Amino acid sequence: MKKIFSKAERNVLIHIILRKEDIQSERMNIIEDKEPLQLAAMKLPKGRTFRPHKHIYCEKTSTITQESWVVVQGKVKVILYDINSEIIAEEILEAGDCSITLRGGHTFEILEDETLVYEHKTGPYLGIEQDKEFI
């Protein structure tokens, strides 16, 4: 797992790159509990079950949209930006890899036809004007 910290504001975690080979245990929490976006990776044996449950309604507020991309099939180049809009890293993601943006910015270039990606974001979505600032 590669954690990318801001150069503009030291000690501020802005991006995480998770490779499928990084997952070595049954459950690996990727993002700290304090963040609005929560992500765990699970490498599970056949037959594993979980107690049936549902999640409780509660008031939660998020002041920033956080996002992850999980590459299911194909290849993606991700360009990651610091909180001051400067490029801080570039990575190639392959099937099973994940890019997480907690702060800062990003862009993606699809490198293979029929690339399949799952995108996860914090919500609710309030429209592009309240969600994005283009770099």
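Whatever comes next refers back to the structure up there.
Predicted, not measured: the structure shown is a model, and the values here were computed from it.

Let's talk about the layout of surface pockets
In step 1: Of the volumes computed, that of the largest pocket is approximately 600 Å³.
In step 2: Lining the largest pocket we find 21 residues, and of these Gly-104, Gly-105, Asp-131, Lys-132 and Glu-133 sit closest to its centre.
In step 3: The element that contributes the greatest number of residues to the lining of the largest pocket is strand β9 (residues 105-110), accounting for three residues.
In step 4: Residue composition of the lining of the largest pocket, by class: six nonpolar, eight polar and seven charged.

A short note on the pairing of strand β5 (residues 67-73)
In step 1: As judged from the four bridges shared by β5 and strand β8 (residues 98-101), these two strands associate in the antiparallel manner. Within β8, the position partnered with Ser-68 by the bridge is Ile-100.
In step 2: As paired strands, β5 and strand β10 (residues 116-121) are joined by six bridges and run antiparallel to one another. The residue of β10 that forms the bridge with Glu-67 is Lys-121.

Notes on the pairing of strand β2 (residues 13-18)
In step 1: Counting buried positions along β2 gives six out of six residues, so the element sits mostly inside the fold.
In step 2: When strand β1 (residues 2-5) meets β2, the two strands line up antiparallel, connected through four bridges. Bridging from a neighbouring strand, Ile-4 pairs with His-15 of β2.
In step 3: Of the strand pairs in this sheet, β2 and β8 are connected by four bridges, and their pairing is antiparallel. Considered in β8, the bridge of Ile-16 is made with Ile-100.

A few points about a nonpolar patch on the surface
In step 1: On the surface, Met-42, Leu-44 and Phe-50 cluster together into a nonpolar patch covering about 310 Å² of accessible area.
In step 2: For Met-42, the position within the fold is in strand β4 (residues 40-42).

Description of the sheet that holds β2
Hydrogen bonding along the main chain pairs the strands of a sheet, whether they run parallel or antiparallel.
In step 1: Strand order across the open sheet formed by five strands is β1-β2-β8-β5-β10, with antiparallel pairing between neighbours. Looking at strand neighbours, the two that pair on one side only are β1 and β10, the edges of this open sheet. Shown here is a sheet whose adjacent strand axes are inclined to one another by a mean of 15°, direction ignored.

So, the sheet that holds strand β7 (residues 87-94)
In step 1: In space, the three strands of this open sheet follow the order β7-β6-β9, with antiparallel pairing throughout. Strands at the two margins of the open sheet, each flanked by one partner only, are β7 and β9. Mean inter-strand twist for the sheet, computed between neighbouring axes without regard to direction, equals 20°.
In step 2: For strand β6 (residues 75-81) and β7, the ladder comprises seven bridges, and the chain directions are antiparallel. Bridge pairing in β7 links Val-76 to Leu-93.

Cut-offs and rules
- Residues numbered from 1 in each chain as written.
- Predicted model: local features only at pLDDT ≥ 70, side-chain atom pairs only at ≥ 80, totals over all residues.
- Heavy atoms only, no water.
- 1 Å grid on protein atoms, 1.4 Å probe; cavity = no way out; pocket = protein on both sides within 12 Å on 5 of 7 lines; lining within 4 Å.
- Points joined across faces, edges and corners; volume = space filled by probe spheres on them.
- Helix = DSSP H or I, 4+ residues; strand = E, 2+ residues; numbered from the N terminus.
- Nonpolar A, V, L, I, M, F, W, Y, C, P; charged D, E, K, R; others polar.
- Pairing = 2+ DSSP bridges.
- Buried < 20%, exposed > 50% of the residue type's maximum accessible area, 1.4 Å probe, protein only.
- Patch = residues over 30% accessible without salt bridge, like charges linked within 9 Å, V, L, I, M, F, W, Y side chains within 5 Å.
- Areas by Shrake-Rupley, 256 points an atom, 1.4 Å probe, with all protein chains shown as cover.
- Salt bridge = Lys/Arg side-chain N within 4 Å of Asp/Glu carboxyl O.
- Axes fitted to C-alpha atoms, helices over the stretch in contact; angles between N-to-C directions.

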